[in-house]
There are 2 protein chains.
Amino acid sequence: MSPDAPASARGQPTIRDVAAAAGVSIGTVSRVAGGSARVAEQTRARVLSAMALVGYQPNAAARAMRTNKTKTIGFLMPDISNPVFSRVAVGAQSVLGPAGYTLFALSSNRSPVQEVEYLQAVRQRQMDGLIVTLADETASATTEELRRMRVPVVLLDRDVDIGADVVFSDHVIAMETIVSHLIALGHRRIGLVTASEKIRPGRERVRGFRGALAAAGLPVDDWLIRAARQSAEYGATETHDLLTGRDPPTAIIAAGSDIFYGAMKAVRLLRRDIPRELSFVGADDLLLSEVIGPPITVIDRDMVEVGREAGRLLLDRLNGVALPPRHIMLASSVVLRDSIAAPSHA
Amino acid sequence: MSPDAPASARGQPTIRDVAAAAGVSIGTVSRVAGGSARVAEQTRARVLSAMALVGYQPNAAARAMRTNKTKTIGFLMPDISNPVFSRVAVGAQSVLGPAGYTLFALSSNRSPVQEVEYLQAVRQRQMDGLIVTLADETASATTEELRRMRVPVVLLDRDVDIGADVVFSDHVIAMETIVSHLIALGHRRIGLVTASEKIRPGRERVRGFRGALAAAGLPVDDWLIRAARQSAEYGATETHDLLTGRDPPTAIIAAGSDIFYGAMKAVRLLRRDIPRELSFVGADDLLLSEVIGPPITVIDRDMVEVGREAGRLLLDRLNGVALPPRHIMLASSVVLRDSIAAPSHA
DNA sequence: CACCTCCGTGTAAACGTTATGTCGCCGGAT
DNA sequence: ATCCGGCGACATAACGTTTACACGGAGGTG
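Residues numbered from 1 in each chain as written. Chains lettered and ligands numbered in written order. Predicted model: local features only at pLDDT ≥ 70, side-chain atom pairs only at ≥ 80, totals over all residues. Heavy atoms only, no water.

Considering the overall build of chain A
For step 1, the next point in the chain: Scanning chain A for helices and strands turns up 13 helices and twelve strands.
For step 2, the next point in the chain: Computed over its C-alpha atoms, the radius of gyration of chain A comes to 26 Å, more than 25% above the 20 Å expected for a compact globule of 346 residues.
For step 3, the next point in the chain: In terms of its C-alpha atoms, chain A occupies a principal-axis envelope of roughly 90 × 45 × 35 Å.
For step 4, the next point in the chain: Counting all 346 residues of chain A, 55% fall into the buried class.
For step 5, the next point in the chain: Within chain A, contacts between residues separated by at least 24 positions form 69% of all contacts whose residues are at least 6 apart in sequence.
For step 6, the next point in the chain: The distance from the centre of the 40 positive side-chain charges to the centre of the 37 negative ones in chain A is 7 Å. (Helix = DSSP H or I, 4+ residues; strand = E, 2+ residues; numbered from the N terminus. Rg over C-alpha atoms; globule rule 2.2 N^0.38 Å. Buried < 20%, exposed > 50% of the residue type's maximum accessible area, 1.4 Å probe, protein only. Contact = heavy atoms within 4.5 Å. Lys, Arg positive; Asp, Glu negative; His and termini not counted. Charge placed at Lys NZ, Arg CZ, Asp CG, Glu CD.)

This is the structure we're talking about:
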């Protein structure tokens, strides 16, 4: 099939193989490969066909060593198997790709140790930029490692003071909106299950939650607020606990995609009828919420757009834009569906 | 805070900075960094503290150029935002990480062009190995590029003859099982919506489907078989078409996670009652199927285990195991739930 | 007491690329 | 006919590592 690859010894063919095959010097091959300087059309053609012949691909390591650029961006997220995070990669790629950068996705599995390791990997590999969603804002080893980074960094929805650009998602307004709505429907005891207050989303959601209650002049029962982890198990456990407590809520907000799953499962197991016996609000999973019976009201945000925005910010920095750190706030939307109603006996 | 980083000029500190700070030669620093040869304990300590002082991280590009190893594995998948694929990354990482390799995830967004580009990126960056799920088995540019790869490759659930190790998922047996079950319940017209026969999963599922019908002596109505794309839209469209046709099926199998979503949505819109009016079988999304009312019967497979197995195969090759290509077959499971029943008037 | 051995360290070459400086040659202008 | 200007190609020096080789000194042995 393919012409027996005329690689030098073993391994990939180098610029030298191409030069030999084309009968030119390596400098000329480099210029053709880089497309930088002027090369006579005839020579260029000879070089190009030689490259095709030997199946040449420039050695990125050598190139990187010489130029100090890798055309590579790292994207570190807490959990690659959660679409909320991985969708960001799709958005970022759509912006960075056309600009000639390759996006490498890394998943720390919510482990701060892994996070540090990957951050070092990014630094060792001289990646040109970094987009990162931290698993824990309070891990000092991680933020220290971030500060060591000598390349542009874009932070996603986290409050860490490293002088980086940040793309924030609104959580407060959306939470206030839905809680106010529930209050207007007559709910007085509303349960909230969300991420730990150690990260911004958890903190902000709790803030919006408390704010809406305060605005309505209602007391806050801390027992109704569960903010510790992000997992289906946590969502299930806490929801079960809330619903089987002495004075259970008439509405539950499961603010987080994994928590949403788990909470939903707990509601099923307890055979609570939505929305007759319980009003239910999910988050960050439009597809799921649409397909469940009845359709579930959700707080949603466009994570692909978050990725695009992050890509744009990064690209600006890579092109040398020297501005003070920029903060971008992206709205969340509240999608009202059939899962909420007035409480049965208010 | 941190001691003003004594990096040489600008940029990251190099081995030379460390050598100067420790008062030794660069060779010695390299030996300490690499942990290879014997170094006097006293010297080692001095070098280590010098490395910490300047915040040294070895330059991966230089290292790669010298050693022809990058300790880096690429994982190319069709869609990073689909957990079916990204879960594989989690499994692979759990095996490769402890062995000192970093896994970089790449998403082609089902574009053959992107696929080729990423394959070239992997080759340019001299990654030590590759795990890949192809978006289309029939794209010759992709398979040609794969053949060019001079490092171990593990293929996931695809039939492409490049002499690579492969981790297969069973689709035939699982499909036969569920179809036979539906037939036993009295179903005679069963609809199937699945991926294109251009990729193994689609092909095998159709094969299992036809096989089960044949085994039961039932005729195959090709109108009931939809195998072209993988997307929620496709799932919705085809399901709608099947259910609103002249002679609609009494059961539908939505074999594919995105198709599952879409099909489910179509069923909701048409207000078909499951399982009274329609028996429904989903695939590859355990969480969703559990939470929908009623719980949905699904064909499921452990994608994390697929990743682990792929990681193991790759690791063997990286350690120099020279065997003929190995094929591993992982079973799928059929999880029976409340979404299937005898057809209403058989 | 001299020699050999071995351990620890230094030196230097190579990896594949880009970029800088240099040179040869062709064509146009004087 | 001579000279000059450029264009295009070549040679070569880095970039930061690893590693083969050389070397010096300490300790043990004949």
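Having seen the structure, we can now continue with the description.
A few points about the protein's contact with DNA strand D
For step 1, the next point in the chain: Surveying the vicinity of DNA strand D reveals 25 residues, the closest of which are Thr43 of chain A together with Ile15, Ser30, Arg63 and Arg66 of chain B.
For step 2, the next point in the chain: With respect to DNA strand D, the side chain of Tyr56 of chain B contributes an N or O atom lying 3.0 Å from a phosphate oxygen.
For step 3, the next point in the chain: One nitrogen or oxygen atom from the side chain of Arg63 of chain B is found 2.6 Å from a phosphate oxygen belonging to DNA strand D.
For step 4, the next point in the chain: Among the elements of the structure, helix H2 (26–34) and helix H4 (60–67) of chain A together with helix H1 (15–22), helix H2 (26–34) and helix H4 (60–67) of chain B are those that each provide at least two residues to the surface near DNA strand D. (Near = heavy atom within 4 Å. Polar contact = N/O pair within 3.5 Å; in protein donor to acceptor, adjacent residues only side chain to side chain.)

Thoughts on the packing of helix H5 (residues 83–96) of chain B against helix H13 (residues 303–318) of chain B
Residues and elements named next belong to chain B.
For step 1, the next point in the chain: Two elements in contact, H5 and H13, have axes whose closest approach is 6 Å; the angle formed by their N-to-C orientations is 45°. As far as their axial angle goes, H13 and H5 are oblique. Viewed along their axes, H5 and H13 form a crossing whose handedness is right-handed. For the pair H5 and H13, the contacting residues are Val84, Arg87, Val88, Gly91, Ala92, Ser94, Val95 and Leu96 in the first and Met303, Val304, Val306, Gly307, Arg308, Gly311, Arg312, Leu314 and Leu315 in the second.
For step 2, the next point in the chain: Among the residues making up the contact of H5 with H13, the classes are represented as ten nonpolar, four polar and three charged. (Axes fitted to C-alpha atoms, helices over the stretch in contact; angles between N-to-C directions. Parallel < 35°, antiparallel > 145°, perpendicular 65-115°, else oblique. Left-handed = near helix turned anticlockwise from the far one by under 90°. Nonpolar A, V, L, I, M, F, W, Y, C, P; charged D, E, K, R; others polar.)

Thoughts on the pairing of strand E8 (residues 251–255) of chain B
In the case of a regular strand, side chains alternate between the two sheet surfaces.
Residues and elements named next belong to chain B.
For step 1, the next point in the chain: Most of E8 is tucked away, with five of its five residues classed as buried.
For step 2, the next point in the chain: Of the two faces of E8, the one lined by Ala251, Ile253 and Ala255 and the one lined by Ile252 and Ala254 are each fully buried.
For step 3, the next point in the chain: For strand E6 (residues 190–194) and E8, the ladder comprises five bridges, and the chain directions are parallel. Note on E8: the bridge partner recorded for Val193 is Ala254.
For step 4, the next point in the chain: Summarising the sheet, E8 and strand E9 (residues 279–283) pair through three bridges and their orientation is parallel. Among the inter-strand pairings, Ile253 is bridged to a residue of E9, identified as Val281.
For step 5, the next point in the chain: Crossover handedness for the path E8 to helix H11 (residues 257–269) to E9: right-handed. (Pairing = 2+ DSSP bridges. Right-handed = clockwise from strand over helix to strand, strands pointing away.)

Digging into the protein's contact with DNA strand C
For step 1, the next point in the chain: In the neighbourhood of DNA strand C, 25 residues make up the surrounding shell, with Ile15, Ser30 and Arg66 of chain A together with Thr28 and Thr43 of chain B lying closest.
For step 2, the next point in the chain: Contacts to DNA strand C include Arg38 of chain B, whose side-chain N or O atom sits 2.7 Å from a phosphate oxygen.
For step 3, the next point in the chain: The separation between a phosphate oxygen of DNA strand C and a polar main-chain atom of Ala40 of chain B is 2.8 Å.
For step 4, the next point in the chain: Counting only elements with at least two residues in the surface near DNA strand C, the list comes to helix H1 (15–22), H2 and H4 of chain A together with H2 and H4 of chain B.
For step 5, the next point in the chain: Residue classes in the surface near DNA strand C are distributed as ten nonpolar, nine polar and six charged.

Topic: the domain arrangement of chain A
For step 1, the next point in the chain: Domains assigned within chain A are domain 1 (15–58), domain 2 (69–168 + 303–330) and domain 3 (172–300).
For step 2, the next point in the chain: Its C-alpha centre places domain 1 of chain A at a distance of 36 Å from the equivalent point of domain 2 of chain A. (Domains from an automatic or database assignment.)

A closer look at the relation of the copies chain A and chain B
Related by rotation about an axis and a shift along that axis, the two copies of the chain form a pair.
For step 1, the next point in the chain: Of the transformation placing chain A onto chain B, the axial shift is 0.1 Å and the rotation is 180°, giving an RMSD of 0.1 Å. The two molecules are tied by a two-fold rotation axis, judged by turn and shift.
For step 2, the next point in the chain: Same-surface contact between copies: 100% of interface residues of chain A are shared with the interface of chain B. (Least-squares fit on C-alpha atoms with pLDDT ≥ 70 in both.)

Let's talk about the sheet that holds strand E10 (residues 297–300) of chain A
Residues and elements named next belong to chain A.
For step 1, the next point in the chain: On the basis of which strands lie adjacent, the open sheet formed by six strands has the order E7-E6-E8-E9-E10-E12 and mixed pairing. The sheet terminates laterally at strand E7 (225–227) and strand E12 (333–335), the two strands that pair on one side only. Strand-to-strand twist of the sheet, defined as the mean angle between neighbouring strand axes without regard to direction, takes the value 15°.
For step 2, the next point in the chain: When strand E9 (residues 279–283) meets E10, the two strands line up parallel, connected through three bridges. Paired with Val281 across the bridge in E10 is Thr297.
For step 3, the next point in the chain: Running over the sheet, helix H8 (residues 172–185) touches strand E6 (190–194), strand E8 (251–255), E9, E10 and E12 and is turned about 165° from E8.
For step 4, the next point in the chain: Against the sheet, helix H11 (residues 257–269) touches E6, E8, E9 and E10, its axis set at about 150° to E9.

Focus: the packing of aromatic side chains
For step 1, the next point in the chain: Counted according to the given criterion, the structure contains three aromatic pairs over all chains.
For step 2, the next point in the chain: Each ring, one from Phe260 of chain A and one from Phe280 of chain A, has its centre 6.0 Å from the other, and the planes form 35°; the classification is tilted. In this pair, Phe260 of chain A is assigned in helix H11 and Phe280 of chain A in strand E9, connecting sequence segments 20 residues apart.
For step 3, the next point in the chain: Relative accessible area serves as the criterion here: at 0%, Phe280 of chain A is assigned to the buried category.
For step 4, the next point in the chain: For Arg226 of chain B, the ring lying beneath its charged end belongs to Trp223 of chain B, and the centroid distance is 4.9 Å. (Phe/Tyr/Trp six-rings, centres within 6.5 Å; stacked < 30°, edge-to-face > 60°. Lys NZ or Arg CZ within 6 Å of the ring centre and 35° of its normal.)

Some thoughts on the packing of H4 of chain A against H4 of chain B
For step 1, the next point in the chain: It is at 8 Å that the axes of H4 of chain A and H4 of chain B come closest, and there the two elements cross at 135°. Judged by the inter-axis angle, H4 of chain A sits oblique to H4 of chain B. Our pair here, H4 of chain A against H4 of chain B, has a crossing hand that is left-handed. Across the interface between the two elements, Ala61, Ala62, Ala64 and Met65 of chain A of H4 of chain A pack against Ala61, Ala62, Ala64 and Met65 of chain B of H4 of chain B.
For step 2, the next point in the chain: Grouping the constituent residues of the contact of H4 of chain A with H4 of chain B by class yields eight nonpolar, no polar and no charged.

Some words on the nonpolar core
For step 1, the next point in the chain: Membership of the largest hydrophobic core comes to 52 residues, with the highest contact counts inside it found for Leu96, Ile131 and Leu156 of chain A together with Leu96, Ile131 and Leu156 of chain B.
For step 2, the next point in the chain: Residues contacting Leu156 of chain B, with those up to four places away along its chain left out, are Phe75, Val88, Ile131, Val132, Thr133, Val167, Val306 and Ala310 of chain B.
For step 3, the next point in the chain: Of all hydrophobic cores here, the second largest spans 43 residues; its members include Ile259 and Phe280 of chain A together with Leu243 and Leu288 of chain B. (Core = buried A, V, L, I, M, F, W, Y, C linked by side-chain atoms within 4.5 Å.)

Notes on H11 of chain A
Residue and element names in this part refer to chain A.
For step 1, the next point in the chain: Here H11 contains 13 residues, and its C-alpha end-to-end distance of 19 Å stays within 8% of the 18 Å for a straight helix at 1.5 Å per residue.
For step 2, the next point in the chain: For H11, the buried fraction is high: ten of the 13 residues fall into the buried class.
For step 3, the next point in the chain: When H11 is considered as a whole, its buried residues turn out to be Ser257, Asp258, Ile259, Phe260, Tyr261, Gly262, Ala263, Met264, Ala266 and Val267.
For step 4, the next point in the chain: Count one or two residues on from H11 and you reach Arg271, which has phi positive near 55°. (Expected span 1.5 Å × (residues − 1).)

Observations regarding the side chain of Ser196 of chain A
All names here are of chain A.
For step 1, the next point in the chain: As for its position among the elements, Ser196 is in the loop between E6 and helix H9 (200–215).
For step 2, the next point in the chain: With a relative accessible area of 15%, Ser196 lands in the buried category.
For step 3, the next point in the chain: Polar contacts involving the side chain of Ser196 include one to the main-chain amide nitrogen of Lys198, which spans 2.8 Å.
For step 4, the next point in the chain: Every residue in contact with Ser196, bar those within four places of it in the chain, is listed here: Gly202, Arg203, Ala227, Ala228 and Arg229.

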